[in-house]
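# Structure at a glance
Each chain, letter by letter, is given below.
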Amino acid sequence: MTRFAAVFVWLAAAVSAFSAEVVDGNGRRVVLPENPRAVAISPAAVDVVVWAGARKNLVAVSAYSYIGVDSLPVVGTSYCLDWERVILLKPDVVITSNIRDESVERRLARFGIKCVYLHKEGLANIPEDVRLAGEIFGTRPVAEAAAERFKRAVLRRRSGAKIPALFLFGSVAAGKG
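The paragraphs below set out a description of the structure included in this document. (Residues numbered from 1 in each chain as written. Predicted model: local features only at pLDDT ≥ 70, side-chain atom pairs only at ≥ 80, totals over all residues. Heavy atoms only, no water.)

This next bit is on the environment of valine 23. Within the secondary structure layout, valine 23 lies in strand 1 (residues 19-23). In this structure valine 23 comes out as partly exposed when scored by relative accessible area, which is 37%. Distance from valine 23 to tyrosine 117, taken between C-alpha atoms, is 9.2 Å for residues 94 residues apart in sequence. The residues contacting valine 23, other than those within four sequence positions of it, are Arg28, Arg29 and Leu132. (Helix = DSSP H or I, 4+ residues; strand = E, 2+ residues; numbered from the N terminus. Buried < 20%, exposed > 50% of the residue type's maximum accessible area, 1.4 Å probe, protein only. Contact = heavy atoms within 4.5 Å.)

Here it is as structure tokens:
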């Protein structure tokens, strides 16, 4: 019995040494391997992963993603995903915005691919998403620094300065300017 307990403890330690357990934006616990291969299926998810210093972990990105991912394959969006391409890329995890369409997660699970949801949209949650990406990819110091820079920038803007905005929808732009 003692030998069994020792083996069990050793196995548990070995698994935890090569994996990360995170709590995603929906409050779900997700266990991922160390240094996971990832597909980000929303532009926000791509930005968060890049800001967290984990660009090297991305194997594909969402349409309409622009920050330093030009060379990566595009797999559509969370609402119109190229499932075959995602599955052929064999990611460990798909990262997406906080959507309530659980069919994405169910389809990915059939192929052994985990799904991590970001927090609900809003400026206040972006630093938390960057920190979450830092936990997933083992880039906590880079992610923490990026999250703090973002928070400081938002606080500076909230101090009364007007925030210029430009919204891009494909090739259509809208905003005061």
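The side-chain alternation of strand 7 (residues 93-96) yields two buried faces, one formed by Val93 and Ile95 and the other by Val94 and Thr96. Of the pairings in the sheet, the one linking strand 3 (residues 38-40) to strand 7 comprises 3 bridges and is parallel in character. Residue alanine 40 lies in a different strand from strand 7, and its bridge partner there is isoleucine 95. Alignment of strand 7 against strand 8 (residues 114-117), held across 4 bridges, turns out to be parallel. Bridged to isoleucine 95 within strand 8 is valine 116. (Pairing = 2+ DSSP bridges.)

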